[in-house]
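Observations on the model geometry
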Amino acid sequence: MAPMFDDAHLLDALFSATYEELRRLASTVRRGDPNATLSPTALVNEAWLKLRESPEVARLSRLHFKRIAARAMRQVLIEAARRRRSAKRGGGAVFVTFDDAVRESDSSLDDVLALDEALRDLARIEPRQAILVETRFFGGLDVAETAELLDVSESTVLRDWRAAKAWLAHELR
Amino acid sequence: MDRVRWERIQSLFHAAADLPPAEQRSFLSGACADDPTLIGETLALLTEDARGESILDRGVAHAAHRVFEPAYTPTSERFGPYRVTRVLGEGGMGVVYLAERDDLGTIAAVKILRDAWLSPARRERFASEQRTLAQLNHPLIARLYDADTLADGTPWFVMEYVEGLRLTDYCAAHRLPIADRLRLFRDVCEAVQHAHRHLVIHRDLKPSNILVTSDGSPKLLDFGIAKHLDPVDELADGAATRTGLRFMTPAYAAPEQIRGERVGTHTDIYALGVILYELLAGRLPFDPTGRAASEIEALILSQEPERPSAAAQREGHLVARTAGGPRPRKSEWADLDVLCLTAMHKDPQRRYATVNMLLRDIDHYLAGEPLEARRDRATYRLGKFVRRNREGVTAGVLALVVLLALAAFYTVRLASARNQAVLEAARAQRIQQFTLGLFDGGDPDAGPADSLHAVTLVDRGLREASTLDAEPAAQADLYLTLGGIYRKFGKFARADSLITLALDRRRALFGVSNPEVAAALVALGSLRVDQAKFEDAERLVREGLRMAQGSLPPDHPDVVKATAALGRVLSERGAYDQAIPVLEQVVRLDESSGAPPVEVAAARSALADAHFYAGHYPASDSLNRLVLATYRAVYGDNHPRVADILVNLGASEFDRGDYRQAEALDRQALAITQAFYGAGHYRTAANLTMLGRALVFENRFDEADSILRRALAIRERVYGPMHPMVASTINELGNIAVQQSRYADAERYFQRMLDIYRATYGDKHYLIGLATSNLATTFLYRKDYARAEQLYRDAIRRFTDAQGPDHVNTGIARIKLGRTLLRERRFAEAATESLAGYEILRKQTNPAVGFLQNARKDLVADYDSLKQPGRAAPFRSELAAEEAKAAAKDK
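Residues numbered from 1 in each chain as written. Chains lettered and ligands numbered in written order. Predicted model: local features only at pLDDT ≥ 70, side-chain atom pairs only at ≥ 80, totals over all residues. Heavy atoms only, no water.

Here we take up the overall build of chain A. Per the secondary structure count, chain A includes eight helices and one strand. Along its sequence from the N terminus, chain A presents helices and strands in the succession α-α-α-α-β-α-α-α-α. Across the 173 residues in chain A, those meeting the buried criterion constitute 50%. Partitioning the contacts of chain A with sequence separation of at least 6, the portion at a separation of at least 24 is 68%. Summed over all atoms, the accessible surface of chain A reaches about 7900 Å², with 50% contributed by carbon and sulfur. (Helix = DSSP H or I, 4+ residues; strand = E, 2+ residues; numbered from the N terminus. Buried < 20%, exposed > 50% of the residue type's maximum accessible area, 1.4 Å probe, protein only. Contact = heavy atoms within 4.5 Å. Areas by Shrake-Rupley, 256 points an atom, 1.4 Å probe, with all protein chains shown as cover.)

Scanning chain B from terminus to terminus reveals 39 helices and 10 strands. Every one of the 891 residues in chain B was classed for burial, and the buried ones make up 58%. Across chain B, the fraction of contacts at a sequence separation of at least 24, relative to all contacts at a separation of at least 6, is 62%. Accessible area for chain B stands at about 36800 Å²; split by element, carbon and sulfur atoms hold 52% of it.

Now for the packing of aromatic side chains. Within this structure, the stated rule accounts for 13 aromatic pairs over all chains. Between the aromatic rings of Phe 612 of chain B and Tyr 617 of chain B, the centroid separation amounts to 5.8 Å while the plane-to-plane angle is 65 degrees, which identifies the pairing as edge-to-face. The pair Phe 612 of chain B / Tyr 617 of chain B is uniform in exposure class, with both members buried. Ring pairing ties together the aromatic residues Tyr 576, Phe 612, Tyr 613 and Tyr 617 of chain B, which thus form one cluster. Stacked on the ring of Trp 161 of chain A, the Lys or Arg Arg 136 of chain A has its end atom at 4.5 Å from the ring centre. Positioned over the ring face of Phe 654 of chain B is Arg 693 of chain B, at 3.9 Å from the centre of the ring. (Phe/Tyr/Trp six-rings, centres within 6.5 Å; stacked < 30°, edge-to-face > 60°. Lys NZ or Arg CZ within 6 Å of the ring centre and 35° of its normal.)

Here the focus is the side chain of Lys 165 of chain A. If you trace the backbone, Lys 165 of chain A turns up in helix α8 (residues 154-171). Accessibility expressed as a relative area gives 18% for Lys 165 of chain A, which makes it buried.

To continue, consider helix α21 (residues 492-510) of chain B. Residues and elements named next belong to chain B. Taking 1.5 Å per residue, 19 residues should reach 27 Å; α21 reaches 26 Å between its end C-alpha atoms and fits that length. Phe 492, Ala 495, Asp 496, Leu 498, Ile 499, Ala 502, Leu 503 and Arg 506 are the residues of α21 that are buried. Once α21 finishes, Gly 511 follows within two positions and takes phi at roughly 95 degrees, a positive value. (Expected span 1.5 Å × (residues − 1).)

Residues and elements named next belong to chain B. Pairing within the open sheet is antiparallel, and its three strands lie in the order β8-β9-β10. Two strands close off the open sheet at either side, each with one partner strand: β8 (165-166) and β10 (218-220). Relative to β10, strand β9 (residues 210-212) is paired through three bridges, and the arrangement is antiparallel. Within β10, the position partnered with Ile 210 by the bridge is Leu 220. Here helix α8 (residues 178-197) sits on the sheet in contact with β9 and β10, set at roughly 30 degrees to β10. (Pairing = 2+ DSSP bridges. Axes fitted to C-alpha atoms, helices over the stretch in contact; angles between N-to-C directions.)

The next subject is the side chain of Thr 342 of chain B. By the secondary structure assignment, Thr 342 of chain B is in helix α14 (residues 330-343). The class of Thr 342 of chain B is buried, set by a relative accessible area of 10%.

Quick look at the packing of helix α7 (residues 143-150) of chain A against α8 of chain A now. Packed helices, taken two at a time, are described by the angle between their axes plus the distance between the axes. Residues and elements named next belong to chain A. The N-to-C vectors of α7 and α8 enclose an angle of 105 degrees; their axes lie 8 Å apart at closest approach. Compared by their axis directions, α7 and α8 come out roughly perpendicular. On α8, the residues that touch Val 143, Ala 144, Thr 146 and Ala 147 of α7 are Glu 154, Val 157 and Leu 158. Its residues placed into classes, the contact of α7 with α8 shows five nonpolar, one polar and one charged. (Parallel < 35°, antiparallel > 145°, perpendicular 65-115°, else oblique. Nonpolar A, V, L, I, M, F, W, Y, C, P; charged D, E, K, R; others polar.)

Further remarks concern the nonpolar core. Residues and elements named next belong to chain B. Judged by nonpolar contacts, the single largest core of 103 residues is most densely connected at Ile 730, Met 753 and Tyr 757. Take this core: its biggest share by element is nine residues, from helix α33 (residues 743-761). Dropping the residues within four chain positions of it, Ile 730 is found in contact with Leu 712, Tyr 749, Arg 752, Met 753 and Ile 756. Counting 70 residues, the second-largest nonpolar core is a separate cluster that includes Leu 167, Ile 269, Leu 276 and Ala 311. (Core = buried A, V, L, I, M, F, W, Y, C linked by side-chain atoms within 4.5 Å.)

A separate point is the pattern of salt bridges. Residues and elements named next belong to chain B. Within this structure, the stated rule accounts for 68 salt bridges over all chains. Among the ionic pairs, Arg 625 bridges to Asp 621, the shortest N-O distance being 4.0 Å. Of this pair, Arg 625 and Asp 621 are both found in helix α27 (residues 617-635), four residues apart, which corresponds to roughly one turn of the helix. For Arg 625, a relative accessible area of 48% corresponds to the partly exposed category. Taking the shortest distance from any N to any O, the salt bridge between Arg 742 and Asp 745 comes out at 3.0 Å. Taking relative accessible area as the criterion, Arg 742 reaches 25% and is therefore assigned partly exposed. Residue classification places Asp 745 among the partly exposed positions, given a relative accessible area of 26%. (Salt bridge = Lys/Arg side-chain N within 4 Å of Asp/Glu carboxyl O.)

All right, on to unusual backbone geometry then. All names here are of chain B. Unusually for a residue other than glycine, Arg 825 sits at a positive phi of about 65 degrees. Within the secondary structure layout, Arg 825 lies in the loop between α36 (808-823) and α37 (827-844). You will see that Lys 867, though not glycine, has its phi angle at about 55 degrees, which is positive.

What follows is about the pairing of strand β7 (residues 155-159) of chain B. Residue and element names in this part refer to chain B. Taking burial as the measure, the five residues of β7 include five buried ones, the bulk of the element. Both faces of β7 are covered, namely the face carrying Pro 155, Phe 157 and Met 159 and the face carrying Trp 156 and Val 158. Sheet topology places strand β5 (residues 107-112) next to β7; four bridges connect them, and they run antiparallel. Opposite Val 110, over in β7, you have Val 158 as the bridge partner. Where strand β6 (residues 144-149) meets β7, five bridges bridge the pair, whose relative direction is antiparallel. Paired with Asp 148 across the bridge in β7 is Trp 156.

Residue and element names in this part refer to chain A. The pLDDT averaged across chain A works out to 69; a share of 50% of its residues lies at or above 70. Here strand β1 (residues 95-97) is the element of chain A with the lowest mean pLDDT, 30, and α8 is the one with the highest, 90. With pLDDT under 50 throughout, residues 30-38 is counted as low confidence; its partners more than four residues away or in other chains account for 14 contacts. Here residues 89-105 is modelled with pLDDT under 50, and outside its nearest four sequence neighbours on either side it reaches 18 contacts, counting other chains as well. (pLDDT = per-residue confidence, 0-100.)

With respect to the secondary-structure elements, Val 133 of chain A resides in helix α6 (residues 127-138). Residue classification places Val 133 of chain A among the buried residues on the basis of a relative accessible area of 0%. Once the C-alpha coordinates of Val 133 of chain A and Ala 164 of chain A are considered, the two residues, 31 residues apart in sequence, prove to be 7.4 Å apart. Among all residues touching Val 133 of chain A, those that are not within four sequence positions of it are Leu 119, Leu 122, Phe 138, Trp 161, Ala 164 and Leu 168 of chain A together with Leu 56 of chain B.

Here we take up the packing of helix α31 (residues 701-719) of chain B against helix α32 (residues 724-739) of chain B. All names here are of chain B. The contact between α31 and α32 brings their axes to 9 Å, and the two run at 155 degrees. Put simply, α31 runs roughly antiparallel to α32. Handedness of the crossing formed by α31 with α32: left-handed. Two secondary-structure elements touch here, α31 through Phe 701, Ala 704, Asp 705, Leu 708, Arg 709, Ala 711, Leu 712, Arg 715, Glu 716 and Tyr 719 and α32 through Met 725, Val 726, Ser 728, Thr 729, Ile 730, Glu 732, Leu 733, Ile 736 and Gln 739. Here the contact of α31 with α32 is built from residues that sort into 11 nonpolar, three polar and five charged. (Left-handed = near helix turned anticlockwise from the far one by under 90°.)

Attention now moves to the environment of Asp 637 of chain B. All names here are of chain B. Tracing the backbone through its elements, the reader meets Asp 637 in the loop between α27 and α28 (640-655). Residues Asp 637 and Ile 672, 35 residues apart in the sequence, show an inter-C-alpha distance of 8.6 Å. Engagement of the side chain of Asp 637 in a polar contact is seen with the side chain of Arg 632, the distance being 3.1 Å. (Polar contact = N/O pair within 3.5 Å; in protein donor to acceptor, adjacent residues only side chain to side chain.)

The next thing to look at is the pairing of β5 of chain B. Residues and elements named next belong to chain B. Counting buried positions over the six residues of β5 gives five, a clear majority of the element. As paired strands, strand β4 (residues 95-101) and β5 are joined by six bridges and run antiparallel to one another. Paired with Ala 99 across the bridge in β5 is Ala 108.

Turning our attention to the confidence of the model for chain B. Residues and elements named next belong to chain B. On average, residues of chain B score 78 in pLDDT, and 78% of them reach the 70 mark or higher. Under a pLDDT of 50 for its full length, residues 430-455 has, in the predicted model, 66 contacts with residues more than four places off or in other chains. Interface confidence for the predicted complex, given as ipTM, is 0.78, next to a pTM of 0.39.

All names here are of chain B. With 18 residues, helix α23 (residues 534-551) should reach 26 Å at 1.5 Å per residue; the first-to-last C-alpha distance of 26 Å fits that figure. Residues of α23 that are buried include every one of Phe 534, Ala 537, Glu 538, Leu 540, Val 541, Gly 544, Leu 545, Met 547 and Ala 548, and no others. Summarising the contacts, the buried residues of α23 are in contact with α22 (515-530), α24 (557-572) and α33.

Here's what the structure looks like:
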């Protein structure tokens, strides 16, 4: 089942909704327990449960939805990372954080942004592989789901994933 | 790096990946003999692969964990002209700040929804949504002054700063007795009702959102703000509104909110019920203390609450501390139980259908009268099919829920004072209008995307209705309202059978002369207008009106409705002098009975139309402008009703010769209509036709032709080939054909038009004159002057009879006749006609109008030929002056 979106408007609207839902879920979880790790799989599943009743989403399969959610998740993280980074540098930020003492290292923010860059480079060279990475990494799809989504064999998924991992690690150094 | 290279590297990588590290390099050297650069790159990958420390291995959770922001606070942030001064408090949805306005020194509250980040796509709609909220102007609702989003998408609101105690705290602090609490609660309900009338739902009513100020009046906060916590608000135009919120305290959440179903006015009513419970019993129906959110949610969904009377009794000591005054008697408590539990019934369609009905029962209680909510349980059976349709709901369901409750209400009337009955009927009728309006585009949340679902729903309603044979009165009600809905959708055949059925049932039930029968007669008559069967329509409506007047007071809403229907019939069939006084009466009655602004506007609009057709353009325009202002204020700029008025104003400009202005108005209207209803809708066809007309008169024929063909196609499909709507489009196409010298085509068009109008209106209507005149023009252009003259004279006679000797149409026809006579070299007669036509038009239209120019030209030719240069001269100079003006404009 190859990803096919035949309605650009629908896609935009869906993306928008998913985007907001994930953003909201993410910040809820974050505030609830500072030590909790954010699992994209859990987030996406939550968003799916919430959004699947609406008629537009009901038309999509779970996998298509996750595909969009993964993209949305990526966007959410990138935007958050950008904002966070500019806040730390005092770059025109409106808000002052309560917690100015930064205990965590900065590198995670840069990593997320660099990953985004690298993925875009990859998408230019090998689009399907970039989608694969996006859905697996941001959307938390497992190997079987990814294979079904991209209409390839599971071994292809594993191979592509392995190569992409290595490449990205290299790019991010 | 390009694709080819990457693929090569990957295949090398995979080939080498599982080799022992020592062998990898030698393998690669061999494989990459042609391009040694590949070796280094592939080795790099292999190294990373061995390390296994890719970011992808760590997982996004790790990265994300550090990325999301902790709580923040703005420092001297500005929101519009307001400057934040201090924090007022932090609530579940966001932080509230006190802000001051530098220029005026006034204060306001600024609320920032930090959880409600809006995506770029949604930010644009946010602003227009706020307009509706900002228009909520009620003394008991905190005003919204401004709203926008920050750069990162966080919404903020500036609103009236309200100081006071929470509703429950206030009642406790002042030890209010039950009756006073009820009165305070009643005020709250009035405010909510006001909002509902403006199509705003609160969605998050609770005591912390209701502050009571020091003068003892409540103020409702945060209307519509809860909407922005729900990102799944509009997935497509008019899609369902859902609340997928996870509540911090779900204590006030309605079952449908918890289930993530559609919210509506019924949701607010549930919340009101819970608030009332708290005021009566001193505690919440489902006590949240010590309970997890999911537990509370489960209780709300499945557990019946203890009756407030029982709870109050148990918490006796508590209540004694916080409530003073006389305790309700046992029978009174029973009524309070019903009041409260009906409002917060788990099944939305067993609640009070509108806040108005809740208000009425509160009033009944305070007046010591029996409640309506305890009435016959049988009426609730009507709602069964709605329950089954809860999945995949649309606005139509809300409408039907109210309609059915309404139908139930109609069959159960209190035997009370006559005035009371009138008031009830008025309210009930307004509710019905509102819900029918939901299908009309009255509800901005409904709209074209849902109409299909609504029709399906109505079809299902029809099947259900047939199971109501044992309750003929309710069944008749249902048939009548369903028929009305079909009519709105343009499905006239269905509407016809249903309304006729309703009429028959009611006659059988109530006898031959009865207000219910009268209402059905009026409904059938109104449908006949849509079906262009005007004689039938007038007969039915007059009969219905007479019948209603026979047994109801003259200001009764049913009488007003029947009068308005009569006005419409008379207007549609061309009897404008009769229609105008009737419609004026309707406006008067609506104004004096305190009908909501949109109703008054609708009545004015009908009157404006009648004035327009009668040629009273200034009167028509000023009425229409009032209507336009009302519709814009209530519905916003992109509502179909606004489009309708724009078209009307355009028609007025058109008749007076300002075609450019007419085009502009028509285009505005078309954009709205098409966006709202779709490209194949009959309303779009109407707009297209008006636009086409204007383009024709601007001589932009090709554009006009294609526009009008679109309109014709739609209308033939929707109305059938013999409908006046089709005829009016054909009229325009005929005019174009004339201009483009396609006279044979033109003649065919006008002849077809004539046939349709004759069959529909009979011989006396002014449209026959119009068709005849246009037909005559084709002969004029083909130089068949005898035929042209005959037809023009016929047309003039008709116009004079139908619209008066001084009407623009009569004038135009006379000018055309003048031209025909000129061609026949009958100069004296020609001059008479052209002069007459000229005089008529000169008083009413733009002096540059083509017809006037033509008249001037012809008169010059006439008088020259008659050797009367003195009479020719003024026209000659006028002609030259207008031509010079036109030339100057073209430069």
